[in-house]
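The residues making up each chain are set out below.
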Amino acid sequence: MDKQTEYVLRLMEERDVRFVRLWFTDVLGFLKSVAISPAEVEQAFEEGIGFDGSAIEGFARVYESDMLARPDPTTFQILPWRDEDKPTARLFCDIVLPDGSPSYADPRFVLKRAMKKAAEKGFTFYTHPEIEFYLFHQPVDPAKPLHPLDNGGYFDHTSLKEGSEFRRRTITMLEQMGISVEFSHHEAGPGQHEIDLRYADALSTADNIMSFRVIVKEAADALGIHASFMPKPLADAPGSAMHTHMSLFDGDTNAFYDASDENHLSTVGKQFVAGLLAHASEITAVTNQWVNSYSRLACGAEAPSYVCWGRNNRSALVRVPSYKPHKGTSVRVELRSIDSAANPYLAYALMLNAGFDGIDKGMELPPGAEDDVWSLTDRERRAMGITPLPRSLDEAITVMETSDLVAETLGEHVFDYFMKNKRAEYEEYRRQVTPWELEKLLGVL
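Let me sum up the structure you'll find in this document. Values in this document were obtained by computation on a predicted structure and should not be read as measured data.

What counts and what doesn't
- Residues numbered from 1 in each chain as written.
- Predicted model: local features only at pLDDT ≥ 70, side-chain atom pairs only at ≥ 80, totals over all residues.
- Heavy atoms only, no water.
- Helix = DSSP H or I, 4+ residues; strand = E, 2+ residues; numbered from the N terminus.
- Rg over C-alpha atoms; globule rule 2.2 N^0.38 Å.
- Buried < 20%, exposed > 50% of the residue type's maximum accessible area, 1.4 Å probe, protein only.
- Core = buried A, V, L, I, M, F, W, Y, C linked by side-chain atoms within 4.5 Å.
- Contact = heavy atoms within 4.5 Å.
- Salt bridge = Lys/Arg side-chain N within 4 Å of Asp/Glu carboxyl O.
- Phe/Tyr/Trp six-rings, centres within 6.5 Å; stacked < 30°, edge-to-face > 60°.
- Lys NZ or Arg CZ within 6 Å of the ring centre and 35° of its normal.
- Polar contact = N/O pair within 3.5 Å; in protein donor to acceptor, adjacent residues only side chain to side chain.
- Axes fitted to C-alpha atoms, helices over the stretch in contact; angles between N-to-C directions.
- Parallel < 35°, antiparallel > 145°, perpendicular 65-115°, else oblique.
- Left-handed = near helix turned anticlockwise from the far one by under 90°.
- Nonpolar A, V, L, I, M, F, W, Y, C, P; charged D, E, K, R; others polar.

### Details of the overall build of the protein
Helix and strand counts for the protein come out as 13 helices and 18 strands. For the protein, whose C-alpha radius of gyration is 22 Å, the value lies close to the compact-globule estimate of 22 Å for 445 residues. Along the first, second and third principal axes, the C-alpha set of the protein runs to 65 × 55 × 50 Å. By residue count, 55% of the 445 residues in the protein fall in the buried class.

Following this line, the structure appears as structure tokens:
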């Protein structure tokens, strides 16, 4: 038994933990959970907890359904919203087969495999997400107009009781679970908020994002309000992104930093951005995996629709933020297409491998776009070599289907299941008659 496992078992006894929840995600990024008693935890660390994988979206066919959830002791945390007198803890799990080998259907393993590949080349992949979401008054009825919690705008100070209390509760619970918050603020939409998590390795960040979503929902429910990570819940307001800043470190050295470059971006950093641009359309079905995601990407403003990069250009797909003087560790690149409803494990694995493909192949970075890309004409964009991102989920999965990089990164099982699920989602969507169609056409046709 390793020291981390011993520490967890001892801490559980000291804190008198009554229940332990084992967390993992399915292929689409939905959190799954099974509760066990503290007495079962030691065995769970050693052998895992068995479950029927065929009951989880994308995990296994019926005839190969036996799987084990093996908890990762480094992810142990007490859930701060549970009864303090009867503490409940959680552990993220890796999904393995009965013989102990990793399950290729486990999104967490997909990311771990990509990060191991980077580590073999001497790099650690760090990420920093800016997570946006909406708060609505309860009850939320999809058939009726939504009522945002407030009418605030970007960086507005809102003094509404529910909003202030929500922010306080959420950040307090995040910090109690060891998730560091960089800052939070009101976003541009009514009832829209953003909370930014501090830099961490990509696996820790993905785990933190899954915890973040639970905490936000719990804090909102406790106040009788509804939190939503839907990419575009309001037609006339901005969508919710999860802009992600990325960097590669070689030990304590930022591999993206070059003091002599105009943008302080190294050759490795430029090649990484070139790889992101080269594979942007192929990975969009994962970074923007819902039909609704494309309503956000179509609205302009700060939601990118075109494949280009720029320095401090918020209409670009990839942005190179300003460098902080004498702080080379701060040099990074930001992908702005990804939304708050993505599966972070799969998305981060693809972002990492897309960037690394640029490094491995020595891709040249095209000229940056410093203009508002949305304000350019199609002809101007074509002249600059700027191509559009997929405009619908159907287009995105069609591009993804031919991508060797996506297939290799996700693995055959996840790739095939994801494709089938998303095609089914789009086919169901295209059969719908929307309120817009009825409003525009019913009376005149």
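### Details of the nonpolar core
Ranked by size, the top nonpolar core spans 96 residues in total, and within it Leu248, Phe272, Val333 and Leu410 carry the most contacts. Residue contacts for Phe272: discarding those within four places in its chain leaves Phe125, Met246, Leu248, Phe256, Val333, Met351, Leu352, Gly355, Phe356 and Ile359. If you look at the next biggest cluster of nonpolar residues, it comprises 22 residues, including Leu11, Met12, Val17 and Ile36.

### A short note on the pattern of salt bridges
Tallied over the entire structure, the rule returns 17 salt bridges. One salt bridge in this structure joins Glu165 and Arg169, with 3.0 Å as the shortest N-O distance. In this pair, Glu165 and Arg169 both sit in helix 4 (residues 161-176), four residues apart, roughly one turn of the helix. What makes Glu165 partly exposed here is its relative accessible area of 23%. With a relative accessible area of 31%, Arg169 lands in the partly exposed category. The network of salt bridges with shared partners includes Asp72, Asp94, Arg108, Lys112 and Asp207.

### Quick word on the packing of aromatic side chains
Throughout the structure, instances matching the rule amount to 14 aromatic pairs. Centre to centre, the rings of Tyr426 and Tyr429 are 6.0 Å apart; their planes meet at 45°, and the pair counts as tilted. Of this pair, Tyr426 and Tyr429 both sit in helix 12 (residues 412-430), separated by three residues, roughly a single helical turn. On the basis of relative accessible area, Tyr426 is assigned to the buried category, the value being 17%. Clustering of aromatic rings is evident, with ring pairs tying together Phe133, Phe166, Phe212 and Phe229. Above the face of the Trp290 ring, Lys422 is positioned so that its terminal group lies 3.6 Å from the ring centre. Lys422 extends its terminal NZ or CZ atom over the ring of Phe418, reaching a point 5.9 Å from the ring centre.

### Notes on the side chain of His128
Tracing the chain through its elements places His128 in strand 7 (residues 124-137). Only 3.4 Å separates the side chain of His128 from the side chain of Glu182, close enough to count as a polar contact. In this structure His128 touches Glu182, Asp196, Leu197, Arg198, Tyr199, His243, Thr244 and His245, once residues within four positions along its chain are discounted.

### Concerning the packing of helix 3 (residues 107-120) against helix 5 (residues 202-222)
Across the interface, helix 3 lies against helix 5 with an axial gap of 10 Å and an inter-helix angle of 160°. In terms of orientation, helix 3 and helix 5 fall into the roughly antiparallel class. The handedness of the crossing between helix 3 and helix 5 comes out as right-handed. Across the interface between the two elements, Arg108, Leu111, Lys112 and Met115 from helix 3 touch Ala202, Leu203, Ala206 and Asp207 from helix 5. In the contact of helix 3 with helix 5, the residues fall into five nonpolar, no polar and three charged.

Read these as layout, nothing more, since geometry by itself doesn't imply function.
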